[in-house]
Structures are given as structure tokens and as C-alpha cells.
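Chain and residue survey
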Amino acid sequence: MGSLNGSDCRPVGSYPPSGIDILIVGTGLAGLTASIECVRKGHNVRILERHDDINTAGDMYFMGHSATKFFRHWPELMKEYDLISMNNAWIETFKHSGERQLTPLKVSDRLRQEGMDPNTPPGAFQMRPLIYRMYLNEVQRQGIKIYFGQRVIDYYEDEARQKAGVMTASGERFEADIVIAADGVGSKCQKLVGGQVRAMSAGRAMWRAAFPIHHLDKNPELKEFLKMGGENRDEPMIRTWLGPGTYAMVLIRRETCVWIMNHDITESAEENWEHTVSSDEVLKTIDKGLEPGNTWDPKIKELIKLMPPDTIVNFELFWRNPQPSWTSPGARVVLIGDAAHSFLPASGNGATQAIEDAVSLATCLQLGGKNNVPEAVRTHVRFRFIRCSCAQKMGFSNAELLQHTDWKKVKMNPKFAQPKLPRWIWKHDPEQYAYDNYEKMADTIRKGIPFDEVDTVPPNYPPGYKYEPWNIDDMYRDVENRTVNMGPGDWD
């Protein structure tokens, strides 16, 4: 039904028109990736965005190798990605109090120490504003229509007419053959798909700030400490501070400084990129819960002091328990990205899995065709659910590593101070996987085989793993008790 090899480039125009009309709600990574990949696969695409413009604010996230493999089909996008990437980054690790634990080392050298290919890292940190601008440039090149100021308040489907649609706050209706809900953890689509309607607070939040590097000139001593890596001090440096129940990270690149810190929720936290708090507020609460004499590194506090006003975002984290139902009853509406599966920041997987979702769905729709949209959507969900559930669990394992670091183990092996990113995650190719396994997985649906009893399709999750339902409360409890159990299978 279709295949690729690692060097294949199938640009726009490589596939015949499918006749499938697609409506995408949301312009996050999942929505934007779905828009361009659906166009490449021959589908017709429109996008709805609740705001009057696309928000390119923010700081950074990790993009795994599995999420960027599809770039080979987009020469202009690939060119831009290479220009903005931080493939030559360095890393350094400290205790939260400031004691250096791991000296600066280039990421490629760390990979070489682990016996991995230094030229093929599992992924890289990227600047959110630059990645979004890169995507927007491609959306504009493809002439994809974005309807701004359209806040979706309800989703529906009409199986008799084989259509789905949305209602906006202004009373407008938009319909298509399939609606892709890529509108985040608060998606109004949850009611239709039968999921947990209201998202839960994770009880945690992230202080996040990105600002021009010239602000470091206010403190020459701190500027010297936060210097970039390499012989010429011109290569990005990522420094991590690990503490009890918390962690922080500072990224320094040529033009920008980024600081993030995971912390217990405070009254001012909101799930809003435009909600900022003052440096004074952060400094008043940063040492909360720490013992006297074991407080945060003074360098971190000096960094917070020099941040410009209206820079620090106190972003509350929300969750839903994993749910196998990502579609409406007739499978004409489907969740992707955070709307389907929210991730802890420690997972390093939220952006990666959102992009994988989009690539997988576009491919399944191409393979299924206009007359088989529901089966194509359900096949896609079977490809994705257990994999994403496992990737979500990795976030809790990583939280245990970062928030309850065993420094004796770190001295013996630096990997105990680093988030896990196993091969089953980063070596995956969601497009090729769909081509290889579409018919086999679709057949399990036709035969009525439950999703967790499929044994005819090779797993894209830890080999040997058997899906078991789990919930956030239990996993958080395990993190605090340092007893996170991932279950059977080869997770590493």
C-alpha cells in the first residue's frame, strides 16, 4: 500500500488527491504538522485558530529524532530547521545548591561515551518561537487557509451524512469529512469522544522565561559563569540543576537565555503563555520546602533578579488520565497531541509524540482513502495509544530521576542524572510504521480484536510490554516514594 526507505523524499505532489476534506482545530505543533502532512498526502485542509494570530511566544522544548524524520519530504523546512537547530550543544549538571556534579561535555561526546552515533542524536532542544516560525513559513508556502478568531465551543458528527463539524463562539459552523481536534489539553472534544471531560491540575507548574542575552551584562560575574560552550564560546550550553522534588534548566545560545524550573503549584499559576509574574514573587517562593542551608544556588537567584519585567511565565500543568478513546463514536472526529495525551515536561516527549500523531494520521487517511475514513482513523489510534501511554509513563520515571536524584549512582554513571530516551522512542518512524502495518492493524479492527490483545502487529512500544491501565495519582505517589514501576518489557 506504500513504502519508504530512509532516504526517500516524497514532496508535495507525490500523492494523488484523496478528496478528503479535513478541518483542523488548533495551531500547536500537532495541528500545524497535521496541516502540512495532510496536504502532502493529497488531502484538503482548513485550520481554525481561536486567537487572532498564532502565538509564537515561549522558550524551548525537546524534539525527538522520530518527530523530525518526515522533514526529509520538505526541503525548505529542512533547510530552516538545520539553520536554527542546536546540534552542537554542550551539557553540564549541578545540584540545586550549586555544586557541580558533571563537568561540561559536548552532547556528541556524551553519545560517543554511550556507544551511540554522535551524528544521530536521539533529539535536540529547540527554541519554540523559531520552530513555530519555521512551520508558519511552510503553511504559508502551501497556501493553507487559517481562520483566526474562531473559538470552538462544541464538536459534533453526522454519521448519516458522513460529516463532522464544530460550532464556534460566534455561532458559525464548519464541517468536513474529518475534524482533527488539536486544541490542547482543554479540548472541548472530550465530551464527544467519551473521555474525561475536565482536565486535572497536576499540582505542579513551570516557571519559564526567555529573554535577550544582553541582560546578562548587568552581572558580569554571572555572565562569565553562564558562558557558552566550545573553544570559541560560541556553542549552545544547557545547564541543569537537580534538587529534591524539583529541577531547573538554563539554556544559553548566541542571542537568547532561557530558564525553566519545575515547582509546586502557587496561587498565581495559570495555563496561559501570556500570564507573567514578577522576579520578586519567584524569589519569595523558590526555596519553599527546602531545609535551611540547603537552598537554591545563588547564581539561579541572581539570574532571576536580572530578568526583564513581564518575562517569567508561571505555567500550570494539567493532565488527563490515559484514555483509549480518542475518537467520536463514528470516528469522524479525532484527538491528537495534548488533546489526546498530555505529558509531564520531564518526559521530553510532548512535542515529539504530537508530531508523530500528525504524521501517522495523515498517512493512515491516505492509505484508507475517502471511503474508509473511520477505519483509517481507528487504525491510526491503535498505532498510537499504547505507544503514547508508555511514553507518558516515561515522564514519571524521568521525574523520579530529576526530582529525587541518587548522586552516588550519578558519580558512577552520569546517565542517572539524565532523562531516559530509549531507542523504542527515538528510532521510530511513524510514517513507515503505518505503511508497513496498516492492513494488519485494520484487520484487527474488522475482526473485533481488542486493542490490547493485538499480537499480529510489531510493537512500537517497549518489546514485551503488556498494556495495563494506570492513573496519574498512583504514578505521582510512586514518584514521591521513589517506587516508579514501568511494568514488564524492555524499556531501555
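Here, the structure is the one placed above.
Let us look at the structure shown here. (Residues numbered from 1 in each chain as written. Predicted model: local features only at pLDDT ≥ 70, side-chain atom pairs only at ≥ 80, totals over all residues. Heavy atoms only, no water.)

Turning our eyes to something else, we now look at the overall build of the chain. Each helix and strand counted, the chain has 15 helices and 18 strands in total. With the C-alpha coordinates aligned to their principal axes, the bounding extent of the chain is approximately 65 × 50 × 40 Å. Sorting the 492 residues of the chain into buried and exposed places 57% on the buried side. A fraction of 76% describes how many contacts in the chain between residues 6 or more apart in sequence connect residues 24 or more apart. Taken as a whole, the chain presents about 20700 Å² of accessible surface, with 48% of it coming from carbon and sulfur. Across the chain, the mean location of the 59 positive side-chain charges is 2 Å away from that of the 65 negative side-chain charges. (Helix = DSSP H or I, 4+ residues; strand = E, 2+ residues; numbered from the N terminus. Buried < 20%, exposed > 50% of the residue type's maximum accessible area, 1.4 Å probe, protein only. Contact = heavy atoms within 4.5 Å. Areas by Shrake-Rupley, 256 points an atom, 1.4 Å probe, with all protein chains shown as cover. Lys, Arg positive; Asp, Glu negative; His and termini not counted. Charge placed at Lys NZ, Arg CZ, Asp CG, Glu CD.)

What the 8 strands build is an open sheet, ordered E5-E4-E13-E14-E15-E12-E17-E16; its pairing is mixed. With partners counted over all chains shown, the strands left at the sheet margins are strand E5 (100-106) and strand E16 (276-277), one partner each. Relative to E5, strand E4 (residues 90-95) runs antiparallel, the two being bridged by 4 bridges. Bridge pairing in E5 links Phe94 to Arg100. (Pairing = 2+ DSSP bridges.)

A regular strand places its side chains so that they alternate between the two faces of the sheet. Here strand E1 (residues 21-25) pairs with strand E2 (residues 44-48) via 5 bridges, running parallel. Across the sheet, Asp21 pairs through a bridge with Asn44, a residue of E2. As a crossover connection, the stretch from E1 through helix H1 (residues 29-40) into E2 is right-handed. When E2 meets strand E7 (residues 145-147), the two strands line up parallel, connected through 3 bridges. Paired with Ile47 across the two strands is Ile146, which belongs to E7. (Right-handed = clockwise from strand over helix to strand, strands pointing away.)

What follows is about the state of the cysteines. Counted according to the given criterion, the structure contains 0 disulfides. Cysteine Cys38 shares no disulfide, and the gap to the nearest cysteine sulfur, in Cys364, comes to 11 Å. Under the relative-accessibility criterion, Cys38 is labelled buried at 0%. (Disulfide = S-S within 2.5 Å.)

Using the criterion set out here, one finds 15 aromatic pairs in the structure. Here Phe94 and Trp241 contribute two aromatic rings whose centre-to-centre distance is 5.0 Å and whose plane-to-plane angle is 15°, an arrangement assigned as stacked. In this pair, Phe94 is assigned in strand E4 and Trp241 in strand E13 (residues 237-243), connecting sequence segments 147 residues apart. For the pair Phe94 and Trp241, one class covers both residues: buried. Ring centres 6.0 Å apart and planes at 80° place the aromatic pair Trp326 and Phe385 in the edge-to-face group. Here Phe385 lies in helix H11 (residues 373-403) and Trp326 lies in the loop between strand E17 (312-319) and strand E18 (333-335), a separation of 59 residues in the sequence. (Phe/Tyr/Trp six-rings, centres within 6.5 Å; stacked < 30°, edge-to-face > 60°.)

The interhelical angle for the contact between helix H3 (residues 75-84) and helix H5 (residues 128-141), taken along N-to-C directions, is 165°, at an axis separation of 10 Å. The angle between H3 and H5 places the two elements in the roughly antiparallel class. Here the hand of the crossing between H3 and H5 comes out right-handed. Side by side, H3 and H5 meet where Glu76, Leu77, Glu80, Tyr81 and Ile84 of the first sit next to Leu130, Ile131, Met134, Asn137, Glu138 and Arg141 of the second. (Axes fitted to C-alpha atoms, helices over the stretch in contact; angles between N-to-C directions. Parallel < 35°, antiparallel > 145°, perpendicular 65-115°, else oblique. Left-handed = near helix turned anticlockwise from the far one by under 90°.)

Remark: helix H10 (residues 350-368) packs on helix H14 (residues 430-446), axes separated minimally by 8 Å, with the N-to-C direction vectors making an angle of 35°. Regarding H10 and H14, the two cross each other, and that crossing is right-handed. For the pair H10 and H14, contact is made by Glu356, Val359, Ser360, Thr363, Cys364, Gln366, Leu367 and Gly368 and by Pro430, Glu431, Ala434, Tyr435 and Tyr438, respectively. Among the residues forming the contact of H10 with H14, the class breakdown is 7 nonpolar, 4 polar and 2 charged. (Nonpolar A, V, L, I, M, F, W, Y, C, P; charged D, E, K, R; others polar.)

Attention shifts here to the environment of Ala124. Its place among the elements puts Ala124 in strand E6 (residues 123-127). Note on Ala124: relative accessible area 9%, which makes it buried. Counting along the chain gives 42 residues from Ala124 to Asp82, while the straight-line C-alpha distance between them is 11 Å. In this view, Ala124 contacts Tyr61, Phe62, Met63 and Asn87; residues no more than four positions away in its chain are not counted.

Now for the sheet that holds strand E8 (residues 152-158). One open sheet accounts for 3 strands, arranged E8-E9-E10; its pairing is antiparallel. Edge positions in the open sheet fall to E8 and strand E10 (173-176), since each of these has one partner strand only. With strand direction ignored, the average angle separating the axes of adjacent strands in the sheet is 20°. Summarising the sheet, E8 and strand E9 (residues 163-168) pair through 6 bridges and their orientation is antiparallel.

The next point concerns H14. At Asn437, H14 shows its largest bend, some 60°. For H14, the N-terminal cap is Asp429; the gap from its side-chain oxygen to the backbone nitrogen of Glu431 is 3.1 Å. The positive-phi residue at the C-terminal boundary of H14 is Gly448, with phi of around 75°. (Bend = angle between axes of the 7 residues up to and from the residue. Polar contact = N/O pair within 3.5 Å; in protein donor to acceptor, adjacent residues only side chain to side chain.)

If you look at soluble globular proteins, the nonpolar side chains tend to sit buried side by side. By size, the foremost hydrophobic cluster in this structure holds 115 residues, and its most contacted members are Tyr135 and Ile180. The element best represented in this core is H11, accounting for 11 residues. When residues no more than four places from it in sequence are discounted, the contact partners of Tyr135 are Leu29, Leu32, Thr33, Ile36, Phe70, Phe71 and Ile355. Leu226, Ile252, Trp259 and Met261 belong to the second-largest nonpolar core, a separate cluster that totals 27 residues. (Core = buried A, V, L, I, M, F, W, Y, C linked by side-chain atoms within 4.5 Å.)

Here the focus is the pairing of E4. Counting the residues in the hairpin turn of E4 and E5 gives 4 residues, including Gly98, whose phi is positive at 115°. With 6 bridges connecting them, E4 and E13 associate as parallel partners. Paired with Phe94 across the bridge in E13 is Trp241.

Honestly, that's just the spatial picture; any functional story needs more than this.
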